[in-house]
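Per-entry structural report
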Amino acid sequence: MKKKGFLLAALMATTTGMAQDLKLNDLGYFERQGVNVLVFSNSFNGGFNDEKNSGIEIIHHGVRTIQGGAVRLNNTPEQWDLVPKMTNRKVDKENGTIEVTMRYDDYDFDSRVIVTAKGKAVEIAVWLDKPVPEKLAGEAGFNLEFLPSQYWLKTFSMDGRLNRFPRYATSQTITRPNSEKPRQFKGFKTYDDRGTDRFVDPMPLETGHSILMAADAPERMIRISSDDAELKLYDGRMLAQNGWFVLRSVLPKGKTGKVITWKVEPHAIPGWIREPNIGFCQVGYIPEQPKVAVIELDKLDKVQSTASLIRIKDDGTTEEAFKGDIKPWGPYFKYNYVKFDFSEVKQPGVYYIQYGNTKTNNFLIDAHVYDKITDATTDVWVPIHMNHMYVTEGYRTWHGEPFKEGYLQAPESDHFDLHRQGPTTDTKYKPLELIPGLNIGGFFDAGDFDIETGSNINVVQNLIRAWELFKPQRDETFVSQEQRYVDLHRPDGVPDILQFIEHGTLNLVAQAENIGHMASTLSNSILDNYHHLGDAASITDGLHYDPSLKPYEVSADGKRSGTPDDMWAFTTRNPRLDLQAAGIFTSAARVLRGYNDELAERAQRQADRLRSEAEQLLKEQKARRDGQAEADFSWMMGGNITNKLQTALDSIPMKDEAYKESLRPLVKEFADYVKGFDQNNPFGVPIGLGNWAGVNMVLSFGIAVNYAHLYYPDIVSKDEIYRVANWLYGCHPYHNYSFVAVVGAARPKQVFYGNNRADFSFIPGNVAPGLLFRQPDHFENFDDWPFLWGQNEGTIAGNTQYIIFGTSFKNLQ
Ligand SMILES: [Ca+2]
Ligand SMILES: [Ca+2]
Ligand SMILES: [Ca+2]
């Protein structure tokens, strides 16, 4: 494998270069044992703006605790504050420096940082070729951000004055005129000033020239000093719950050249070796399946020759049930991997793995371990994400009924969540006119509360697939469309999956009927309520927006308000989306007939109409754009072998034996592809390296393997179906927690990003995106900091995909 060979070379190069001083390694970052200093290996990409993943970053004893090192325009930058575009990055191996040029187009403002290794420290210097623009003087500064969950409750001392990082944000703020606030992304505002025309600005916790952080915690200890600039420490959580602690120095006015110099010295524990991470399936194993733990090791760690499986007996004592050889796999990115195969242990019981001095938590070997893997997702996560309903569980209300005022026609606009409304509405409605009937059914997209039409189509499609193939009869949810009320753990005589299909279909059909075609999304109109953290019912005031009233004023009849918080429907017509919807409507009509005939009828009517209109529109587009539409379409249908096979397998129930036989070469090709992952990486599944971790890809792969085994057990053996379960439930890099909230033996992940996302908690059944890759060689999944959505946010499309994966997987046991 090409990548492996390259990494092996890189590994050897970095290992031999290892010394006590920070050295610039072949991967383009500064390294010493226990400390990595990255300089714009990851740049601010503009996708979701400040994702707390960029700039100068420090990976400290294996944990990325510091990032955001860059010239910034705010004391405590929020997600939608402007981020600098990296215009150049120069790694000078000879002189041990990395130089980065940054630019703010909005202010025609360029700056440079030069980072140089100096013994155990790095020097960070900010250079200006032109003075700071007048408008940014006193605002622009060099910032570095510290992860709150790794620093709170630890000590710091500024110029010898002792203090402690606060567990919760309770420092002081001032307000300043909006005219002094640097522009935010596309001119949006993250805040509601309640008519004061002032914004909130945090005051520093401390100011000085030398700060020592976490002297009480050697893994986090760091010393930063500056002779030429004042250091100010802020708490970013004052403005946004996902803010970090920020250390900054304001750039001096009117100066050019080297304007700020910091010395940054992260402490390294002498001889530090990262604790082995023993990856295994936390949910447990059925007796007959292959059982292989993947052990992730520091590249300087000595490999043990054996590991043991220890049984916990009924009297509480333990015994060694199995001892086996450790088999090397080799380096994969930052770490070295070995495997421990204990497949021959088949006796049901409670076990743990012991490798050297490292013991795992316990897990079960038992025929029933997989029986409940989808229950939390179907009983709790999915119903909580039902929009336009009041959702309750026991004594707890998850959310009230959201968006009672409905949705307005979006005017032409750019949007903060990657949506656009084109120059025409493609509807009969005037901009900002109420489109009736849209506030029904549908599912919240993710940690945000919009209805992404594409995702909602996926949801209905996923649920229909699970229903038609496996008919899950589970009924643990009470759903009343008439009362707009959902109660968890209260059976009502109707299978829940059927009710979820109905709920998704209700919104999609309402879009087709009332808009005339599918909306791209039903989403927030203002950024200030898009970043909402809490009860969905309080995102808007539930009253129709009336521009004739003053802001915050309510009409005498209590039905209208002057607050422009109503949601918008983005209605630019996309005939391909209409075609997808038409497909879903046909399937939904088939499933709903006999349960909700009226809705089935409406779905069928819209399916027929949308299909013929969309085909006509595509034909016209094709004629206009000379083949472009067809090219796009064939690109969509191409895809990789997993998608190609899945599409083919999905047709089997409708086709004859000859069709099934004709697929055999494709299935054989897929079987080789599956086996190929044993050489690609130690975990045997496709691993995504994008800015959103790859759980969807892993689930697609898992579903395809399950179906391939179901239809062609002679080509794809049963042993293959455990790959994805292993990965999801704990056999993966970084840590060994199950990625599915509450599913797992002793250690599922505990912190996710969802609608409850300010709470350092989880919504049961959520599936995390998983391992986020940071360039050039670091995987991570935080379990003490929820707010990194690319690793911790569950999505409605992904979680319903998990339902098919889990349902098909269970059915194969
Ligand atoms: Ca969204
Ligand atoms: Ca039910
Ligand atoms: Ca409103």
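Residues numbered from 1 in each chain as written. Chains lettered and ligands numbered in written order. Predicted model: local features only at pLDDT ≥ 70, side-chain atom pairs only at ≥ 80, totals over all residues. Heavy atoms only, no water.

Another aspect to go through is the overall build of the chain. Counting its regular elements, the chain contains 16 helices and 43 strands. For 813 residues, the compact-globule estimate of 2.2 N^0.38 gives 28 Å, and the chain sits close to it at 28 Å. Expressed as lengths along the three principal axes of its C-alpha atoms, the size of the chain is roughly 75 × 75 × 60 Å. Put simply, the chain has 813 residues, and 60% of those count as buried. Taking the contacts inside the chain whose residues are at least 6 apart along the sequence as the reference set, 68% of them involve residues at least 24 apart. Carbon and sulfur atoms make up 50% of the accessible area of the chain, which totals about 31,700 Å². Computing the positive centroid from 89 side-chain charges and the negative centroid from 106, the chain places the two 4 Å apart. (Helix = DSSP H or I, 4+ residues; strand = E, 2+ residues; numbered from the N terminus. Rg over C-alpha atoms; globule rule 2.2 N^0.38 Å. Buried < 20%, exposed > 50% of the residue type's maximum accessible area, 1.4 Å probe, protein only. Contact = heavy atoms within 4.5 Å. Areas by Shrake-Rupley, 256 points an atom, 1.4 Å probe, with all protein chains shown as cover. Lys, Arg positive; Asp, Glu negative; His and termini not counted. Charge placed at Lys NZ, Arg CZ, Asp CG, Glu CD.)

Here the focus is the sheet that holds strand β12 (residues 161-164). Taken in spatial order, the nine strands make up an open sheet running β6-β7-β8-β9-β20-β17-β16-β11-β12, and their pairing is antiparallel. Both outer strands of the open sheet, β6 (85-92) and β12, are each paired with one neighbouring strand and no more. Each strand of the sheet is rotated relative to its neighbour by a mean of 15°, with strand direction disregarded. In this structure, strand β8 (residues 109-118) lies alongside strand β9 (residues 121-128), joined through seven bridges in antiparallel fashion. Counterpart to isoleucine 114 in the pairing with β9 is alanine 125. (Pairing = 2+ DSSP bridges. Axes fitted to C-alpha atoms, helices over the stretch in contact; angles between N-to-C directions.)

Bound to the calcium ion (ligand 3) on the protein side are Glu405 (OE), Asp541 (OD), Leu543 (O), Asp565 (OD) and Asp566 (OD), at distances that span 2.2 to 2.4 Å. Coordination of the calcium ion (ligand 3) draws on donor residues from a single chain, spaced E-x135-D-x1-L-x21-D-D in sequence. Of this pair, aspartate 541 sits in the loop between α6 (527-530) and β39 (544-545) while aspartate 566 sits in the loop between β40 (560-561) and β41 (567-570), placing them 25 residues apart in sequence. (Donors = N, O, S within 2.8 Å, 3.2 Å for Na, K, Ca; no water.)

Attention now moves to the packing of aromatic side chains. Following the criterion strictly, the structure yields 48 aromatic pairs and no others. Taking 6.2 Å as the distance between ring centres and 55° as the angle between the ring planes, the aromatic pair formed by tryptophan 568 and phenylalanine 570 counts as tilted. The rings of Trp329, Tyr332, Phe333, Tyr337, Phe683, Trp727, Phe773 and Phe779 are connected pair by pair, giving a single aromatic cluster. Just above the ring of tryptophan 152 sits the side chain of arginine 167; from NZ or CZ to the centre is 3.6 Å. Over the face of the ring belonging to phenylalanine 760 we find arginine 167, whose NZ or CZ atom lies 5.6 Å from the ring centre. (Phe/Tyr/Trp six-rings, centres within 6.5 Å; stacked < 30°, edge-to-face > 60°. Lys NZ or Arg CZ within 6 Å of the ring centre and 35° of its normal.)

This brings us to the sheet that holds strand β19 (residues 245-250). If you trace the nine strands from one edge of the open sheet to the other, you get β1-β2-β3-β4-β5-β10-β19-β18-β15, paired in antiparallel fashion. Of all the strands in the sheet, the pair left with one neighbour each is β1 (23-24) and β15 (206-208).

Within the largest apolar cluster, 96 residues are counted, with the highest numbers of intra-cluster contacts made by Phe342, Tyr729 and Tyr802. Of the residues forming this core, the biggest block, 10 residues, is contributed by helix α13 (residues 695-711). With residues up to four places along the chain from it excluded, the contact list for tyrosine 729 reads Phe280, Cys281, Gln282, Val283, Ile373, Asn736, Tyr737, Ser738, Val740, Val743 and Tyr802. Of all hydrophobic cores here, the second largest spans 55 residues; its members include Leu24, Val122, Phe245 and Leu251. (Core = buried A, V, L, I, M, F, W, Y, C linked by side-chain atoms within 4.5 Å.)

Of the protein atoms, only Asp475 (OD), Thr477 (O), Asp492 (OD), Val494 (O), Asp496 (OD) and Gln499 (OE1) coordinate the calcium ion (ligand 2), at distances of 2.3 to 2.4 Å. One way to put it: the six donor atoms around the calcium ion (ligand 2) meet at angles of 82 to 176°, and that makes the site octahedral. Read in sequence order, the donor residues for the calcium ion (ligand 2) give the motif D-x1-T-x14-D-x1-V-x1-D-x2-Q. You can see aspartate 475 sitting in the loop between α4 (453-470) and β36 (477-480) and its partner valine 494 sitting in the loop between β37 (485-488) and α5 (496-515), a full 19 residues away along the chain. Judged by its relative accessible area of 17%, aspartate 475 is buried. Look at valine 494 and you get buried, because its relative accessible area is 17%. (Tetrahedral: all angles 85-135°; square planar, octahedral: opposite > 155°, others 65-115°.)

For the rest of this paragraph, the subject is empty space enclosed by the protein. Counting across every chain of the model gives seven cavities of 30 Å³ or more. If you trace the largest cavity, you find 18 residues lining it, with Glu31, Gly34, Asn36, Trp272 and Asp298 closest to the centre. When its residues are assigned to classes, the lining of the largest cavity shows seven nonpolar, five polar and six charged. When its volume is computed, the second largest cavity comes out at roughly 100 Å³. (1 Å grid on protein atoms, 1.4 Å probe; cavity = no way out; pocket = protein on both sides within 12 Å on 5 of 7 lines; lining within 4 Å. Points joined across faces, edges and corners; volume = space filled by probe spheres on them. Nonpolar A, V, L, I, M, F, W, Y, C, P; charged D, E, K, R; others polar.)

Our next topic: the layout of surface pockets. Empty space within the second largest pocket amounts to approximately 590 Å³. Residue lining of the second largest pocket: 26 residues in total, with Arg274, Asn277, Tyr734, His735 and Tyr737 positioned closest to the centre. Broken down by secondary-structure element, the contributors of at least two residues to the lining of the second largest pocket are β21 (277-279) and β27 (358-359). In terms of residue class, the lining of the second largest pocket is made up of eight nonpolar, 10 polar and eight charged.

In this section: the pattern of salt bridges. Following the criterion strictly, the structure yields 48 salt bridges and no others. Its salt-bridge partner being lysine 93, residue aspartate 26 comes within 3.2 Å of it at the nearest N-O pair. Residue aspartate 26 is found in the loop between β1 and β2 (30-32), and its partner lysine 93 is found in the loop between β6 and β7 (97-104); the two are separated by 67 residues along the sequence. A salt bridge links arginine 176 to glutamate 139; the shortest N-O distance between them is 2.5 Å. Highlighted residues: arginine 176 in strand β13 (residues 173-177) and glutamate 139 in the loop between β9 and β10 (141-146), separated in sequence by 37 residues. On the basis of relative accessible area, arginine 176 is assigned to the buried category, the value being 14%. Connected through shared salt-bridge partners, Lys85, Arg103, Asp105, Asp108 and Asp110 make up one network. (Salt bridge = Lys/Arg side-chain N within 4 Å of Asp/Glu carboxyl O.)

So, on to the pairing of β37. Every other side chain in a regular strand lies on the same face of the sheet, so the side chains alternate between the two faces. Strand direction decides the pairing type here: strand β29 (residues 390-393) and β37, joined by three bridges, are parallel. What sits directly across from tyrosine 390, in β37, is tyrosine 485. Of the strand pairs in this sheet, β36 and β37 are connected by four bridges, and their pairing is antiparallel. Opposite valine 479, over in β37, you have valine 486 as the bridge partner. Where β36 hands over to β37, the hairpin turn is made up of four residues, of which arginine 484 adopts a positive phi near 50°.

Within the secondary structure, histidine 778 sits in strand β43 (residues 778-780). Looking at histidine 778, the relative accessible area reads 1%, which means it is buried. A distance of 3.0 Å separates a polar atom in the side chain of histidine 778 from a polar atom in the side chain of lysine 334. What histidine 778 contacts, discounting residues up to four positions off in sequence, is Ile59, Gly62, Arg64, Lys334, Tyr734, Leu772 and Phe773. (Polar contact = N/O pair within 3.5 Å; in protein donor to acceptor, adjacent residues only side chain to side chain.)

Turning next to the packing of α5 against helix α8 (residues 597-625). Close contact between α5 and α8 brings their axes to 10 Å; oriented N to C, the two are set at 45°. Comparing the axis directions of α5 and α8 gives the class oblique. Crossing hand, α5 versus α8: left-handed. Counting all contacts with α5, which are made through Glu502, Thr505, Leu506, Val509, Ala512 and Glu513, the residues of α8 involved are Leu599, Arg602, Ala603, Gln606, Arg609 and Leu610. (Parallel < 35°, antiparallel > 145°, perpendicular 65-115°, else oblique. Left-handed = near helix turned anticlockwise from the far one by under 90°.)

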